[in-house]
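# Structural description and commentary
Given next are the chains, with one letter for each unit.
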Amino acid sequence: MASSHLKFSSKLPNAKTTIFTTVGNLARKHNAIDLSQGFPNFEVDQKLRNLVTNAMQKGHNQYAPMQGYYRLREIISQKIEILHNRIYKPETEITVTVGATQAIFTAITAFVNKGDEVVVFKPAYDCYEPAIELNGGIPIYVQLDADGYKPDWQAFKNKISEKTRMVIINTPHNPSGRIFSKEDMLQLQEILKPTNCIVVSDEVYEHIIFDGNAHQSASRFDDLAQRSFVCASFGKTFHVTGWKIGYCAAPEVLMREFRKTHQFAVFCVDHPVQRAMADYLWKEENYLSLPSFYQEKRDLFLEGLKGSKFKFKPSEGTYFQLLDYSKITDESDEDLAKRLITEYKLASIPISSFNANNRQDGVLRFCFAKKNETLKQAIDILKSF
Ligand SMILES: Cc1ncc(COP(=O)(O)O)c(C=O)c1O
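This text gives an overview of the structure that appears in the document.

## Quick look at the pairing of strand β7 (residues 228–233)
Judged by how many residues are buried, β7 sits mostly within the fold: six of six residues are covered. Burial of the side chains of β7 extends over both faces: Ser 228, Val 230 and Ala 232 are buried on one face and Phe 229, Cys 231 and Ser 233 on the other. Direction of pairing for strand β6 (residues 198–202) relative to β7: parallel, over a ladder of four bridges. Directly across from Val 199, in β7, lies its bridge partner Ser 228. Assessed by its sense of winding, the connection that carries the chain from β6 through helix α8 (residues 222–227) to β7 is right-handed.

So this is what it looks like as structure tokens:
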């Protein structure tokens, strides 16, 4: 269609096609094994699929309550209390959302005003900055170091000022697979104590954590919890990223404001899926089995790579593993990722685009939420390098 006569200025002039789309398209074109994007290639539990079908058959096909199906919020509240010893009232402090992305977008939209600064740790998942910019906010970066992606709390403290409205954290962290320790969370809490900052805590990989570590949710820490939106994703937890359903928990005074935006952006979330989630989430083994399930996959992948030229530190959480290729080539990560697809038929994600100033760390990110046979095929390719 010829609409070129229409004049407007883009609200996101710097937004480009994401690296996920670029890599995904190239992977499909070359029929490559795809360890790039973060979603499983194995089937969803038949019980969960049946629950959705049953909910539809029973007639739960009209709008759900704006805040989410009450029974689901009740079970989410119980889960957080059992795991993190914090009570969020289902009536006023929990909202079901269209995935964690909408929870994050809504929290940012509800609180960030023009000129407000929002601190983001880099490398960062790519939905934070556009949401900040669309609301007139200014992203302020704290770069995690390349050797282990540990936060430098002094550098973080230096970025906090009167203008800081919000801080976004992500643990377990995509793309590095690093987790914030209890000490990290205490440092964060201490630094923010004298401030007026709100925290958006992206905890979508809360149940994918390894080697016996406990997830240090922002909800565990008294002062942090008072200022935090804890954002979670059933898509990640139950292998259903395509269903786009998650939730957000925050103190009433913050959640009241969040819901004002939520009700006019989406109003409510897919009703039959919420009904199914309530029945499924109720059985705690459905999420407590995740660490061992994914740790087996991480270990299979890393065991297979022993003796290869790639260096790695085992991922502490998420279903991503970084592989350091510095012994193999000094190519940029984007060039190597493209060559891996076109010449070797294996797709991964170059992470420089998630770093401040596109810093090159000499690593690629591989998603191990895949069938074991897929992981074995990937290992054979990586070993041939
Ligand atoms: C760190 C992080 N946050 C948020 C999301 C989005 O979650 P959802 O699909 O529930 O919107 C992802 C998905 O890859 C992610 O990795």
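Once the structure has been displayed, the description carries forward.
## Section: the layout of surface pockets
Of the voids in this model, the largest pocket is the one considered here, and its volume is about 820 Å³. Taken together, 27 residues form the lining of the largest pocket, with Asn 14, Ala 15, Lys 16, Glu 129 and Ser 353 sitting closest to its centre. At the level of secondary structure, the elements contributing two or more residues to the lining of the largest pocket comprise α1 (19–29), α5 (128–134) and α14 (333–344). Of the residues forming the lining of the largest pocket, the biggest block, three residues, is contributed by α5.

## Some words on the side chain of Glu 93
In this structure, Glu 93 sits in the loop between α3 (70–84) and β2 (94–97). Buried charged residue Glu 93 carries no salt bridge. Nearest counter-charge: Lys 89, at 4.0 Å. Among residues more than four places away in sequence, those in contact with Glu 93 are Ile 87, Tyr 88, Cys 248, Ala 249, Ala 250, Pro 251, Glu 252, Met 255 and Arg 259.

## Brief notes about the packing of aromatic side chains
The description of an aromatic ring pair rests on the distance of the ring centres and on the angle between the ring planes. For the coordinates displayed, the defined rule picks out 24 aromatic pairs. Centre to centre, the rings of Tyr 205 and Phe 320 are 5.8 Å apart; their planes meet at 80 degrees, and the pair counts as edge-to-face. Placement of the pair is Tyr 205 in the loop between β6 and α8 and Phe 320 in strand β9 (residues 320–324), with a sequence separation of 115 residues. Among the aromatic residues, those joined into a ring-pair cluster are Phe 42, Tyr 205, Phe 293, Tyr 294, Tyr 319 and Phe 320. In this structure, Lys 79 is placed above the aromatic ring of Tyr 287, and the distance from its NZ or CZ to the ring centre is 5.3 Å.

## Thoughts on the sheet that holds β9
Taken in spatial order, the three strands line up as β9-β12-β11 in an open sheet, and their pairing is antiparallel. The sheet is open, and its two edges are formed by β9 and β11 (349–350), each paired on a single side. As defined by bridge partners, β11 adjoins strand β12 (residues 363–367) across two bridges and the pair is classed as antiparallel. Looking at β12, one finds that Ile 349 is bridged to Arg 365. Strand contacts of α14: β11 and β12, with the helix running at about 45 degrees to β12, the strand carrying the most contacts.

## Topic: the site of the ligand
In the neighbourhood of the ligand, the contacting residues comprise Gly 99, Ala 100, Thr 101, Tyr 125, Asn 170, Asn 174, Asp 202, Val 204, Tyr 205, Ser 233, Lys 236 and Lys 244. Here an oxygen atom of the ligand sits 2.7 Å away from a polar atom, N or O, in the side chain of Tyr 205. Within the complex, the protein chains bury 94% of what would otherwise be the 400 Å² of accessible surface of the ligand. For the ligand, the cavity whose grid points lie within 2 Å of the majority of its atoms is the second largest pocket. Here the shell around the ligand gets three residues from one element, more than from any other, and that element is helix α4 (residues 99–111). Among the residues making up the shell around the ligand, the classes are represented as four nonpolar, five polar and three charged.

## A few points about empty space enclosed by the protein
With the rule as written, the count across this model stands at three cavities of 30 Å³ or more. The space that makes up the largest cavity amounts to roughly 60 Å³. Along its surface, the largest cavity is lined by Phe 121, Pro 123, Ala 124, Tyr 125, Tyr 128, Leu 144, Ile 168, Ile 169, Asn 170, His 173, Asn 174 and Phe 180. For the lining of the largest cavity, the element with the highest residue contribution is strand β5 (residues 164–170), accounting for three residues. Of the residues contributing to the lining of the largest cavity, the split by class is nine nonpolar, three polar and no charged. By volume, the second largest cavity is sized at about 50 Å³. Lining the second largest cavity are Ile 80, His 84, Glu 203, Glu 206, Ser 217, Ser 219, Val 230, Ala 232 and Tyr 247. Tallied by class, residues from the lining of the second largest cavity come to four nonpolar, three polar and two charged.

Calculation criteria
Residues numbered from 1 in each chain as written. Predicted model: local features only at pLDDT ≥ 70, side-chain atom pairs only at ≥ 80, totals over all residues. Heavy atoms only, no water. Buried < 20%, exposed > 50% of the residue type's maximum accessible area, 1.4 Å probe, protein only. Helix = DSSP H or I, 4+ residues; strand = E, 2+ residues; numbered from the N terminus. Pairing = 2+ DSSP bridges. Right-handed = clockwise from strand over helix to strand, strands pointing away. 1 Å grid on protein atoms, 1.4 Å probe; cavity = no way out; pocket = protein on both sides within 12 Å on 5 of 7 lines; lining within 4 Å. Points joined across faces, edges and corners; volume = space filled by probe spheres on them. Lys, Arg positive; Asp, Glu negative; His and termini not counted. Salt bridge = Lys/Arg side-chain N within 4 Å of Asp/Glu carboxyl O. Contact = heavy atoms within 4.5 Å. Phe/Tyr/Trp six-rings, centres within 6.5 Å; stacked < 30°, edge-to-face > 60°. Lys NZ or Arg CZ within 6 Å of the ring centre and 35° of its normal. Axes fitted to C-alpha atoms, helices over the stretch in contact; angles between N-to-C directions. Near = heavy atom within 4 Å. Polar contact = N/O pair within 3.5 Å; in protein donor to acceptor, adjacent residues only side chain to side chain. Areas by Shrake-Rupley, 256 points an atom, 1.4 Å probe, with all protein chains shown as cover. Sits in = over half its atoms within 2 Å of the grid points. Nonpolar A, V, L, I, M, F, W, Y, C, P; charged D, E, K, R; others polar.

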